[in-house]
Amino acid sequence: MDARQYAPATQRNREAILAVLSENLMPQSNILEIASGTGEHAIFFASNSKSWHWIPSDINPTARESIVAWKNTNNTDNLALPLDINVTQDNWSELVADRAIDAIVNINMIHISPWSACLGLMKGAGQILSGGNILYLYGPFKRNGEHTAVSNARFDESLRDRSSTWGVRDLEAVIETAATANFQLQQIVEMPANNLSVIFVKS
Ligand SMILES: C[S@@+](CC[C@H](N)C(=O)[O-])C[C@H]1O[C@@H](n2cnc3c(N)ncnc32)[C@H](O)[C@@H]1O
């Protein structure tokens, strides 16, 4: 059985995300990806930047099986086996205590999970990363409480229909939450399809 899963959006956004990551993440970094989903980003980033050591993770066992299947078909030795990380669990950061993580990447999670996932992500990332390290977020965001595109407003509605705890987040609230874990906003990059790359640096 082929456990590989496919998320078509990853094919459309992976080049643009890789370009931003390449500008912001140092070579030879150990990079922890939270919520890797199918693993298609992980395999693409690891294959295209061999100097990174990419550590994928996901809360969902089916996603982790997919990541392993992608890894097995691509033989990418700078891609680790996926970790079982749920950022809403207390002390999830201890799961990587034995690895020297230099950066954390989180793509398309905080709007498709309860707000507690954003809080948990920031708290754990603050415990894991050191001064100067990067936390990278990607996804759609509201700015000053307003959607930046009609497509994002529709997407927000569809998310809220699926779960009242989901929804496109206010960038300002995310920045405030990041600050509580000692992350300062470094850069916002406008991405295709009305998404943003939001880059924080640990102080
Ligand atoms: C929309 S998918 C995005 C996957 C991938 N990053 C991408 O862009 O294709 C959201 C992912 O977040 C994961 N997720 C949701 N809640 C989580 C949590 N509390 N901790 C870790 N991962 C979580 C889900 O299992 C899912 O794989």
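About the criteria used
Residues numbered from 1 in each chain as written. Predicted model: local features only at pLDDT ≥ 70, side-chain atom pairs only at ≥ 80, totals over all residues. Heavy atoms only, no water. Helix = DSSP H or I, 4+ residues; strand = E, 2+ residues; numbered from the N terminus. Axes fitted to C-alpha atoms, helices over the stretch in contact; angles between N-to-C directions. Parallel < 35°, antiparallel > 145°, perpendicular 65-115°, else oblique. Left-handed = near helix turned anticlockwise from the far one by under 90°. Contact = heavy atoms within 4.5 Å. Nonpolar A, V, L, I, M, F, W, Y, C, P; charged D, E, K, R; others polar. Salt bridge = Lys/Arg side-chain N within 4 Å of Asp/Glu carboxyl O. Buried < 20%, exposed > 50% of the residue type's maximum accessible area, 1.4 Å probe, protein only.

For the protein chain, an unreviewed UniProt entry supplies the name DUF938 domain-containing protein and the organism Waterburya agarophytonicola KI4.

(A) Here's a closer look at the environment of Arg162. Tracing the sequence through the fold places Arg162 in helix H5 (residues 150–162). Between the C-alpha atom of Arg162 and that of Asn24, which follows or precedes it by 138 residues, the distance is 34 Å.

(B) Inspection of the packing of helix H1 (residues 8–24) against helix H2 (residues 40–48) at higher detail. In contact at an axis separation of 10 Å, H1 and H2 are set at 45° when each is read in the N-to-C sense. On the basis of the axis angle, H1 is oblique to H2. At the point where H1 passes H2, the crossing takes the right-handed sense. The residues of H2 that touch H1, namely those facing Thr10, Gln11, Asn13, Arg14, Glu15, Ile17, Leu18 and Leu21, are Glu40, His41, Phe44, Phe45 and Asn48. Within the contact of H1 with H2, the residues separate by chemical class into 5 nonpolar, 5 polar and 3 charged.

(C) Broad picture of unusual backbone geometry. Phi angles above zero are rare outside glycine, and Ala35 is one such case at about 65°. Structurally, the position occupied by Ala35 is in the loop between strand E1 (30–34) and H2. Residues other than glycine seldom take positive phi values, yet Asn144 does so here, at roughly 50°. Take Asn144: it is sitting in the loop between strand E5 (141–142) and H5.

(D) Focus on the pattern of salt bridges. Scanning the entire structure with this criterion turns up 4 salt bridges. Arg4 is the partner of Asp2 in a salt bridge, and the nearest nitrogen-oxygen pair spans 2.7 Å. On the basis of relative accessible area, Asp2 is assigned to the partly exposed category, the value being 45%. A salt bridge links Asp84 to Arg64, with the nearest nitrogen and oxygen atoms 3.2 Å apart. Here the residue Asp84 occupies a position in the loop between helix H3 (61–74) and strand E3 (103–107), and Arg64 occupies one in helix H3, the gap between them amounting to 20 residues.

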